[in-house]
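What follows is the residue order along each chain.
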Amino acid sequence: MNLLRRFPRHCRKIFAAGALTLLATTAMQESAHAEIALFKTASNPWLQGINLSGLIEGGIMANPARPDNGINFGNFLGDHANQAQLNQISLTLSKAIDPTKSEFQVGFMLEALYGSDARYYHLLGLSNKMTSDRYQLLPAQAHVDVHAPILSKGGIDMQAGILPAPMGVEVLDPTLRPFYSLAYTSQYSVPFEHLGAMFHWHVTPMFDFNFGVDTGNQTTWGRNDNNNAAAGYFGFNLNGLAHGKLNIAELSRVGPENAVAAIGPRANTAQRWWNDIAAFYTVNDKLSLTGEFNFLHDDGLRAETWSVVTFAAYKITPSLTFNYRGELYRDNSGMFVVNFLTNQAYMNAFLGGYAPVQTAPATTYGALTLGVTYRPDLGHGVRVFALRPEIRFDRSLNGTSPFNDGRNTGMFTFGGDAMIGF
């Protein structure tokens, strides 16, 4: 997902969710939650478009090495080794806009989420202090959506409010990603959540321009912001290249992201530069490929990360898909790839507060993940059902020993998740 937030010396990180570049992600996954029309018999057409959807997801990541601290290093969602957990129970109320229609439209999305995943996606000052338990409550989304047919034939879309961060391939919604676990890039080198506004301008059918402004990664205002500066996005989408088979999404972000409590007043001006570009290619009706390159530089920490992630999805049958993910990730300072050892540590780190962590020295990580997604059509009102077993191998490629509580250069995990949506 991420943004790093400052806390005692070595720790920071963040990961992300999606909104704008998700249109490309659907090349790898099928559609998300089924929806219940709450007012389908209403006389008002706007009310007829209001839908309710729900999702329940739980999973486990087993680790035969049984790390002494019980943590799968480099893994957020399945961070507790050999422990099953409830990741998400979510309810979403929404009124979608249709950007293909040349008319003014107003919609919205409200999503509440409860589970272990919420620990990493809070906004400071909104929900991060509700409880110190592993299972927490999160207002994952609360935004107004507008489509305005201005500036170009395709018009411009706007989202304002609590937004999932738009950068990156893998997102919080498990129905929109191929694996239970996340890549290092998706956890440490893209943001997760924002309070702000994003704009998506359809300049031509082939070219979209994206931009936005927010209070910072997972921060709000005043004492709930770790510095006194805003941050923002800019980037583009290229749509329908190679006879409609190729889409490219590029997004950059700049702004201070460190805590004044951690690095002093220069946190207000020291910029973090995030850059992510992904290409989504549909080879045929069975095979799709995705490649992602990410580069992050932080002036305040004097640190950088870079990574390359590749994905492949092959549809074996209409209900069974084989998934591959390979990643090369470089953390040149050891400040980004961090595991947080208590339920509140991740969010406390944003303000430079007490955050017990497991860290590693500067490391080049290699990771290979293989799995299948079994997604049958059950009918009877159950529109989303999936089982996703996976096996994963992580390794330090420069001789460090970050895994299994600092004992090993490599780590083998296996497990997965199950989900049902309605």
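Above this text you will find the structure in question.
The structure displayed is predicted, hence computed values, not measured ones.

Chemist: Whenever I open this one, the side chain of R119 confuses me. Can you help?
Modeler: With respect to the helices and strands, R119 occurs in the loop between β4 (105-115) and β5 (136-148). Given the relative accessible area of 3%, R119 is considered buried. Within the structure, R119 has its side chain in polar contact with the backbone oxygen of S116 (distance 2.7 Å). Excluding anything up to four places from it in sequence, R119 contacts F76, D79, H80, Q85, R134, Q136, N343, Y346 and M347.

Chemist: I tried to follow a nonpolar patch on the surface on my own but got confused; where do I start?
Modeler: Nonpolar side chains collect at one region of the surface, where I56, I89, L91, Y114, M130, L137 and F422 lie side by side and expose about 600 Å² of accessible area between them. Structurally, L137 is set in strand β5. Using a relative accessible area of 40% as the deciding quantity, one classes L137 as partly exposed.

Chemist: Whenever I open this one, the nonpolar core confuses me. Can you help?
Modeler: Generally speaking, a soluble globular protein has its nonpolar side chains buried in company with each other. Ranked by size, the top nonpolar core spans 44 residues in total, and within it F76, Y184, Y346 and Y365 carry the most contacts. Among the secondary structure elements, those contributing two or more residues to this core are β5, α3 (184-188), α6 (345-350) and β17 (363-374). When neighbours within four sequence positions are excluded, Y184 is seen to be in contact with G74, S189, E327, Y329, V337, Y365, A367, R392, D394 and F403. Counting 7 residues, the second-largest nonpolar core is a separate cluster that includes A278, F280, V309 and F311.

Chemist: What is the right way to look at the packing of aromatic side chains in this model?
Modeler: The way to describe two aromatic rings as a pair is by their centre distance and the angle between their planes. Per the stated rule, a full pass over the model turns up 19 aromatic pairs. Between Y114 and Y135, the ring centres sit 6.3 Å apart and the planes meet at 45°, which makes this aromatic pair tilted. In this pair, Y114 sits in strand β4 while Y135 sits in the loop between β4 and β5, placing the two residues 21 residues apart along the sequence. Under the relative-accessibility criterion, Y135 is labelled partly exposed at 27%.

Chemist: How do you make sense of the pairing of strand β13 (residues 303-317) when you look at a structure like this?
Modeler: Residues in a regular strand point their side chains to alternate faces of the sheet. Across 12 bridges, the pairing between strand β12 (residues 287-298) and β13 is antiparallel. Following the sheet pairing, N294 is matched in β13 by S307. What sits between β12 and β13 in their antiparallel hairpin is a turn of 4 residues, with R302 showing a positive phi close to 55°. In the sheet, β13 pairs with strand β14 (residues 320-331) via 12 bridges, with the strands oriented antiparallel. Of the residues in β14, the one forming a bridge with K315 is T321. The hairpin formed by β13 and β14 contains 2 residues between the paired strands.

The rules behind these values
- Residues numbered from 1 in each chain as written.
- Predicted model: local features only at pLDDT ≥ 70, side-chain atom pairs only at ≥ 80, totals over all residues.
- Heavy atoms only, no water.
- Helix = DSSP H or I, 4+ residues; strand = E, 2+ residues; numbered from the N terminus.
- Buried < 20%, exposed > 50% of the residue type's maximum accessible area, 1.4 Å probe, protein only.
- Polar contact = N/O pair within 3.5 Å; in protein donor to acceptor, adjacent residues only side chain to side chain.
- Contact = heavy atoms within 4.5 Å.
- Patch = residues over 30% accessible without salt bridge, like charges linked within 9 Å, V, L, I, M, F, W, Y side chains within 5 Å.
- Areas by Shrake-Rupley, 256 points an atom, 1.4 Å probe, with all protein chains shown as cover.
- Salt bridge = Lys/Arg side-chain N within 4 Å of Asp/Glu carboxyl O.
- Core = buried A, V, L, I, M, F, W, Y, C linked by side-chain atoms within 4.5 Å.
- Phe/Tyr/Trp six-rings, centres within 6.5 Å; stacked < 30°, edge-to-face > 60°.
- Pairing = 2+ DSSP bridges.

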